[in-house]
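So you can see what is in the structure, the chains are spelled out below.
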Amino acid sequence: MLLKIAYVLTCRTLGLVVVLFRGDRAIAAEALVLRHENAVLRRQAGRVRYEPADRVWFAALARIVSRRRWSEVFPVTPATLLAWHRRLAARKYDTSGRRRPGRPPATPSIKRLVLRLARENPLWGHRRIQGELLRLGVAVAPSTVWEILRAVGIDPAPRRSGPTWHQFLSIQAAGILAVDFLHVDTVMLKRLYVLVFIEHGTRRMHLGGVTANPTGEWTVQQARNLALSLGQRFEDTRFLIRDRGSNFTASFDAVFQATGTRILVSAVQTPRMNATCERLVGTLRREFLDRVLILGERHLRAVNCTAAPGNSATRPRRRT
């Protein structure tokens, strides 16, 4: 393509030199003939498609001919000539063809700095290193730091000394107790309420009681009964998770606070803050309550007794 353009420009330049040395009458006559021929071709032909070499030639001659005569001389509009010239100028300074696709690689100085921070601070991960680079005024993406470290065989996310998340949560769960209510509608559409406790460490359920009117005094009595049944293990409870129900009064909290237990109240309409107990309620419904028609309080208490401590059905299923 470039060779063709150079050839056309050379031929046209030589032709222009020949025209300059001709007489004025011959030039004027030849121009009139060419104009008339151009007009005839415009009437007969449809849309004319110009090759890149033709566009270059017209754009070059446009600098010689007065702009007021462009519409008379050239077979295209002035706007088309200006557009062709802008394309030529843009192509001259366009470097997209010389740039490889994708993100440009990091400079060697940034790579050396990343590797130095990683070797001098073996417990830093790629995000910590990226944050330290930002403090130094070096803007680099975390993924770039990750690739630099992986390329030289350094772990981008080294494991810190200490327990894993699974070990940490298992240790903390040993002292957590959760409580919640679940309701059941009997055959006669009477609503009954069941108070359940669950130990996070052992996933063992404790049935508080069944009633149709769960008052604050009744809830306090169930907490006292739980303290008697657990014995020494009740004193080992460090946290109690409950919702903001009006049944959980200050006297209910005082039963647990007497042994140093801290009360954790979940936010409004946030069941995930008491997820283990909510999952226990779901297990009871799927395994027992949704399969049985409840006749009354005694029947519901008897059904829940089958979910007494030690029954594997009381352990909420873990999500994989």
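For the structure, see preceding data.
Residues numbered from 1 in each chain as written. Predicted model: local features only at pLDDT ≥ 70, side-chain atom pairs only at ≥ 80, totals over all residues. Heavy atoms only, no water.

Quick question: what am I supposed to make of the overall build of the protein chain here?
Counting secondary structure elements, the protein chain contains 14 helices and five strands. Within the protein chain, the fraction of its 320 residues that count as buried is 32%. Here the analysis covers contacts within the protein chain between residues at least 6 apart in sequence; of these, 55% occur between residues at least 24 apart. Looking at the protein chain as shown, the accessible area adds up to about 21,900 Å², and 56% of this sits on carbon and sulfur atoms. (Helix = DSSP H or I, 4+ residues; strand = E, 2+ residues; numbered from the N terminus. Buried < 20%, exposed > 50% of the residue type's maximum accessible area, 1.4 Å probe, protein only. Contact = heavy atoms within 4.5 Å. Areas by Shrake-Rupley, 256 points an atom, 1.4 Å probe, with all protein chains shown as cover.)

Just to check I follow, could you spell out the nonpolar core for this structure?
Proteins that are soluble and globular tend to have nonpolar side chains buried together. Residues Leu-182, Val-196, Leu-284, Leu-289 and Leu-300 are the most contacted members of the largest nonpolar core, which totals 22 residues. Where this core is concerned, the elements lending two or more residues are β1 (176–185), β2 (191–199), β3 (205–211), β4 (239–242), α13 (275–287) and α14 (297–305). By size, the runner-up hydrophobic cluster in this structure holds 18 residues, among which are Leu-195, Val-220, Leu-230 and Phe-234. (Core = buried A, V, L, I, M, F, W, Y, C linked by side-chain atoms within 4.5 Å.)

What is the right way to look at a nonpolar patch on the surface in this model?
Residues Val-187, Met-188, Leu-293 and Leu-295 make up a contiguous nonpolar surface patch of about 500 Å² in total accessible area. Tracing the backbone through its elements, the reader meets Val-187 in the loop between β1 and β2. For Val-187, a relative accessible area of 43% translates into the label partly exposed. (Patch = residues over 30% accessible without salt bridge, like charges linked within 9 Å, V, L, I, M, F, W, Y side chains within 5 Å. Salt bridge = Lys/Arg side-chain N within 4 Å of Asp/Glu carboxyl O.)

Where do I start with the packing of helix α6 (residues 108–120) against helix α8 (residues 142–151) in this structure?
The relative placement of two packed helices comes down to the angle between their axes together with the axis-to-axis distance. At a closest axis distance of 10 Å, the pairing of α6 and α8 adopts a crossing angle of 75°. When the axes of α6 and α8 are compared, the pair comes out roughly perpendicular. Listed contacts from α8 to Lys-111, Val-114, Leu-115 and Ala-118 of α6 are Val-145, Ile-148 and Leu-149. Considered class by class, the residues forming the contact of α6 with α8 number six nonpolar, no polar and one charged. (Axes fitted to C-alpha atoms, helices over the stretch in contact; angles between N-to-C directions. Parallel < 35°, antiparallel > 145°, perpendicular 65-115°, else oblique. Nonpolar A, V, L, I, M, F, W, Y, C, P; charged D, E, K, R; others polar.)

Sorry if this is basic, but what is going on with the pattern of salt bridges here?
Two side chains with opposite charge may pair up if their charged atoms get near one another. Within the structure shown, the criterion is met by six salt bridges. With a closest N to O distance of 2.8 Å, Arg-233 and Glu-199 form a salt bridge. Placement of Arg-233 in helix α11 (residues 232–235) and of Glu-199 in strand β2 is noted, with a sequence separation of 34 residues between them. A relative accessible area of 13% means that Glu-199 is categorised as buried. Residues Arg-242 and Asp-253 are paired through a salt bridge, measuring 2.8 Å at the closest nitrogen-oxygen approach. Residue Arg-242 is located in strand β4, and its partner Asp-253 is located in helix α12 (residues 250–257); the two are separated by 11 residues in the primary sequence. Across the pair, Asp-253 and Arg-242 agree in class, each one buried.

Explain the sheet that holds β4 here, please?
Sheets are built from strands that pair by backbone hydrogen bonding, the pairs being arranged parallel or antiparallel. Sheet architecture is open: five strands sit in the order β3-β2-β1-β4-β5, paired in mixed fashion. The outermost strands of the open sheet, each flanked by one partner alone, are β3 and β5 (262–265). Strand after strand, the sheet turns through a mean of 25° between neighbouring axes, direction not considered. Pairing analysis gives nine bridges linking β1 to β2, with the strands arranged antiparallel. Within the sheet, the bridge partner assigned to Val-179 lies in β2 and is Phe-197. (Pairing = 2+ DSSP bridges.)

Is there a simple way to think about the packing of aromatic side chains in this case?
Each aromatic ring pair is specified by the distance between its two centres and by the angle formed by the two planes. Evaluated as defined, the whole model comprises six aromatic pairs. Between Phe-234 and Phe-256, the aromatic rings sit 5.3 Å apart at their centres with planes inclined by 40°, giving tilted as the arrangement. Of the two residues, Phe-234 is situated in helix α11 and Phe-256 in helix α12; the sequence distance between them amounts to 22 residues. By relative accessible area, which is 4% here, Phe-234 ends up buried. Each residue in the set Phe-181, Phe-197, Trp-218, Phe-234, Phe-248, Phe-252 and Phe-256 is aromatic and connected to the rest through ring pairs, giving one cluster. (Phe/Tyr/Trp six-rings, centres within 6.5 Å; stacked < 30°, edge-to-face > 60°.)

How should helix α7 (residues 126–135) be read in this particular structure?
Working note: α-helix, 3.6 residues per turn, so residues spaced by three or four point in the same direction. Within α7 the residues assigned to the buried category are His-126, Ile-129, Gln-130, Glu-132 and Leu-133. Taken around the axis of α7, the buried residues stretch over an arc of 160°, which confines them to a single face. Turned more than 90 degrees away from the buried face of α7, the exposed residues are Arg-127 and Arg-135. Elements that come into contact with the buried residues of α7 comprise α6 and α8. Phi turns positive one or two residues past the end of α7, at Gly-137, with a value near 90°. (Arc of directions from axis to C-beta.)

Hey, could you run me through the side chain of Thr-211 in this one?
Tracing the chain through its elements places Thr-211 in strand β3. Owing to a relative accessible area of 11%, Thr-211 belongs among the buried residues under this scheme. A polar side-chain atom of Thr-211 sits 3.1 Å from the main-chain amide nitrogen of Asn-213. Excluding anything up to four places from it in sequence, Thr-211 contacts Leu-192, Tyr-193, Trp-218 and Glu-297. (Polar contact = N/O pair within 3.5 Å; in protein donor to acceptor, adjacent residues only side chain to side chain.)

Honestly, it's all geometry; don't read function into it.
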